[in-house]
Amino acid sequence: MQISKYLTKIKSGDPLNFDSFKKQMLKQGFNDKTLFEIFETEKKSPSSCWVKVLDQQKFSQLLVDFPEHNIQDRVSAAKAGNSHKHAVSQAMIILWSAQSHHPIVVLNDTDNINSPVTLSKRLLIIENQENFVQKQRTLHFLQQQFTDFNDENFDIAHGSGNAISNRLNKAFFKQYQQIDCLLDLDIGGLEIFKNLSNLTQHSNLNFLLPPCADKLLEQSKIKLQEKHLLVLRQYHQQYPLLRPVIELMNKQQKMLEQELYL
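The rules behind the values
- Numbers given for residues are sequential positions, taken from 1 along each chain in its written order.
- Note on the predicted model: pLDDT of at least 70 is required for a residue's local features to be given, and 80 or more for side-chain atom pairs to be given and counted; whole-chain, interface and lining totals, by contrast, use all residues.
- Side-chain numbers here rest on the full set of heavy atoms in the structure, without hydrogens or water.
- When DSSP finds two or more bridges between a pair of strands, those strands are recorded as paired.
- Note on conventions: DSSP H or I runs of at least 4 residues are helices, E runs of at least 2 residues are strands, and numbering of each starts at the N terminus.
- Only heavy atoms enter the contact rule, under which two residues are in contact if any of them lie within 4.5 Å.
- Lines fitted to the C-alpha atoms define the axes, with helices restricted to the stretch that makes contact. Angles between their N-to-C directions range from 0 to 180 degrees.
- Note on exposure labels: buried denotes an accessible area under 20% of the residue type's maximum, exposed denotes more than 50%, and partly exposed covers the range between, all computed with a 1.4 Å probe on protein chains only.
- Note on aromatic contacts: the rings of Phe and Tyr and the six-membered ring of Trp form a pair at centre separations within 6.5 Å, being stacked when their planes are under 30 degrees apart, edge-to-face when over 60 apart, and tilted otherwise.
- Throughout, the term roughly parallel applies to angles under 35 degrees, roughly antiparallel to angles over 145, roughly perpendicular to angles from 65 to 115, and oblique to all others.
- Crossing handedness is defined as follows: a turn of the near helix away from the far one that is anticlockwise and smaller than a right angle gives a left-handed crossing, while the clockwise case is right-handed.
- Polarity classes work like this: nonpolar for Ala, Val, Leu, Ile, Met, Phe, Trp, Tyr, Cys and Pro, charged for Asp, Glu, Lys and Arg, and polar for all others, with Gly in that last group.
- Grid points spaced at 1 Å over the protein atoms alone were grouped into cavities, where a 1.4 Å probe fits but cannot get out, and pockets, open sets with protein on both sides within 12 Å along at least five of seven lines, with lining residues defined by an atom within 4 Å of a point.
- Grid points are joined across faces, edges and corners, and a volume is the space filled by probe spheres set on the points.
- Think of a salt bridge as a Lys or Arg side-chain nitrogen and an Asp or Glu carboxyl oxygen that are within 4 Å of each other.

**Focus: the sheet that holds strand 9 (residues 205-207)**
Consideration 1: Read across the sheet, seven strands follow the order 5-4-3-7-6-8-9 without closing on themselves; strand pairing throughout is mixed. Two strands lie at the open edges of the sheet, namely strand 5 (113-114) and strand 9, each paired on one side alone.
Consideration 2: Looking at chain direction, strand 3 (residues 91-96) and strand 4 (residues 104-108) are connected through five bridges and run antiparallel. Within strand 4, the position partnered with Ile94 by the bridge is Val105.
Consideration 3: Against the sheet, helix 7 (residues 135-145) makes contact with strand 3, strand 6 (122-126), strand 7 (155-158) and strand 8 (178-182), and its axis sits at roughly 110° relative to strand 6, the strand it touches most.

**Looking at the pairing of strand 3**
If a strand is regular, its side chains alternate between the two faces of the sheet.
Consideration 1: Relative to strand 7, strand 3 is paired through two bridges, and the arrangement is antiparallel. Counted as the bridge partner of Trp96 is Ile156 from strand 7.

**Quick notes on the side chain of Ser97**
Consideration 1: Position of Ser97 relative to the elements: it lies in the loop between strand 3 and strand 4.
Consideration 2: For Ser97, a relative accessible area of 3% puts it in the buried group.

**A word on the packing of aromatic side chains**
Ring pairs (aromatic) are described by centroid distance and by the angle formed between their planes.
Consideration 1: Enumeration over the complete set of coordinates arrives at 14 aromatic pairs.
Consideration 2: Geometrically, the ring pair formed by Tyr6 and Phe21 is tilted, given 5.4 Å between the ring centres and 50° between the ring planes. Here Phe21 lies in helix 2 (residues 18-27) and Tyr6 lies in helix 1 (residues 3-12), a separation of 15 residues in the sequence. Accessibility assignment for this pair places Tyr6 and Phe21 in one class, buried.
Consideration 3: Between the aromatic rings of Phe30 and Phe66, the centroid separation amounts to 6.4 Å while the plane-to-plane angle is 50°, which identifies the pairing as tilted. You can see Phe30 sitting in the loop between helix 2 and helix 3 (32-38) and its partner Phe66 sitting in the loop between helix 4 (56-65) and helix 5 (74-79), a full 36 residues away along the chain.
Consideration 4: We classify Phe30 as partly exposed; its relative accessible area is 22%.
Consideration 5: The class of Phe66 is buried, set by a relative accessible area of 16%.

**Looking at the packing of helix 9 (residues 187-200) against helix 11 (residues 226-238)**
Consideration 1: Closest axis-to-axis distance for the helix 9/helix 11 pair is 11 Å, and the angle between their directions is 30°. The pairing of helix 9 with helix 11 is recorded here as roughly parallel in orientation. Crossing angle aside, the handedness with which helix 9 passes helix 11 is left-handed. The residues of helix 11 that touch helix 9, namely those facing Ile187, Leu190, Glu191 and Lys194, are His228, Val231, Leu232 and Tyr235.
Consideration 2: A breakdown of the residues in the contact of helix 9 with helix 11 according to their chemical character gives five nonpolar, one polar and two charged.

**Description of empty space enclosed by the protein**
Consideration 1: By the definition in use, this model includes one cavity of 30 Å³ or more.
Consideration 2: In this structure, the largest cavity encloses a volume near 40 Å³.
Consideration 3: Along the walls of the largest cavity sit Arg122, Leu123, Leu124, Phe149, Phe154 and Asp180, which together make up its complete lining.
Consideration 4: The element that contributes the greatest number of residues to the lining of the largest cavity is strand 6, accounting for three residues.
Consideration 5: Here the lining of the largest cavity is composed, by residue class, of four nonpolar, no polar and two charged.

**Some details on the pattern of salt bridges**
Consideration 1: Within the structure shown, the criterion is met by four salt bridges.
Consideration 2: Residue Glu37 is joined to Lys58 by a salt bridge in which the shortest nitrogen-to-oxygen separation is 3.6 Å. Highlighted residues: Glu37 in helix 3 and Lys58 in helix 4, separated in sequence by 21 residues.
Consideration 3: By relative accessible area, which is 37% here, Lys58 ends up partly exposed.
Consideration 4: Salt bridges sharing partners connect three or more residues here, namely Lys33, Glu37 and Lys58.

**With respect to the environment of Gln136**
Consideration 1: Its location among the elements puts Gln136 in helix 7.
Consideration 2: Among the residues examined, Gln136 registers a relative accessible area of 54% and is labelled exposed.
Consideration 3: The spatial distance from the C-alpha of Gln136 to the C-alpha of Leu216 is 21 Å, given a sequence separation of 80 residues.

**Regarding the layout of surface pockets**
Consideration 1: Considered as a void within the structure, the second largest pocket measures approximately 220 Å³ in volume.
Consideration 2: Here the lining of the second largest pocket gets three residues from one element, more than from any other, and that element is helix 7.

The analysis is restricted to geometry; functional conclusions fall outside its scope.
Structure follows, in structure tokens:
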């Protein structure tokens, strides 16, 4: 809650959670001594206090210093003291376009796609940065693993963890007829695919599972933990396209980071 709202409650004589108010004020550089020179509290309940103003002049200055803000975006949220409570206005995708020899940046918002190049009809999403920047090695790996893999005329997006599944990218994904995902064989990779599936509802969204994954998982040092098994069961039930990779992970009781593909 904004500091101004706490101050309004105090001004109106309404009870409030003084501990929460104090935490907000401590972030602004105030300390307990200063606060209790301005306010006196009386418990109404375990989480609620009546607050009396002891120093009206200092309280009036607080009202000036912490005015009420109309939060409409991340900038106005920052002015109110908490930008993280509001989503960014645009999503950013680093894209290796089929038309470019160097990655470019695409900016997406709710209504528009701002791209310096024309988008292709196919998209490959690569989760990890090392695989993305080593594009040629990654494409060579895919050509070896998938005999029908066509590396012509498609864009490559850096997944950047789960950032690729930002809701502002929805219109961006609609531009593509086919979306292939090269993701880690772990909970994070499965979550990215789940989020993309829910966001895009795309009819041609694919999780790329290389034939060598079975052997690489066997060699992997990253073991599945008990806490992962419930998530795997849920995803196996809800997302049929993830069943082959989940069954492989369960078989080996391992997870795999895609850098091993290099």
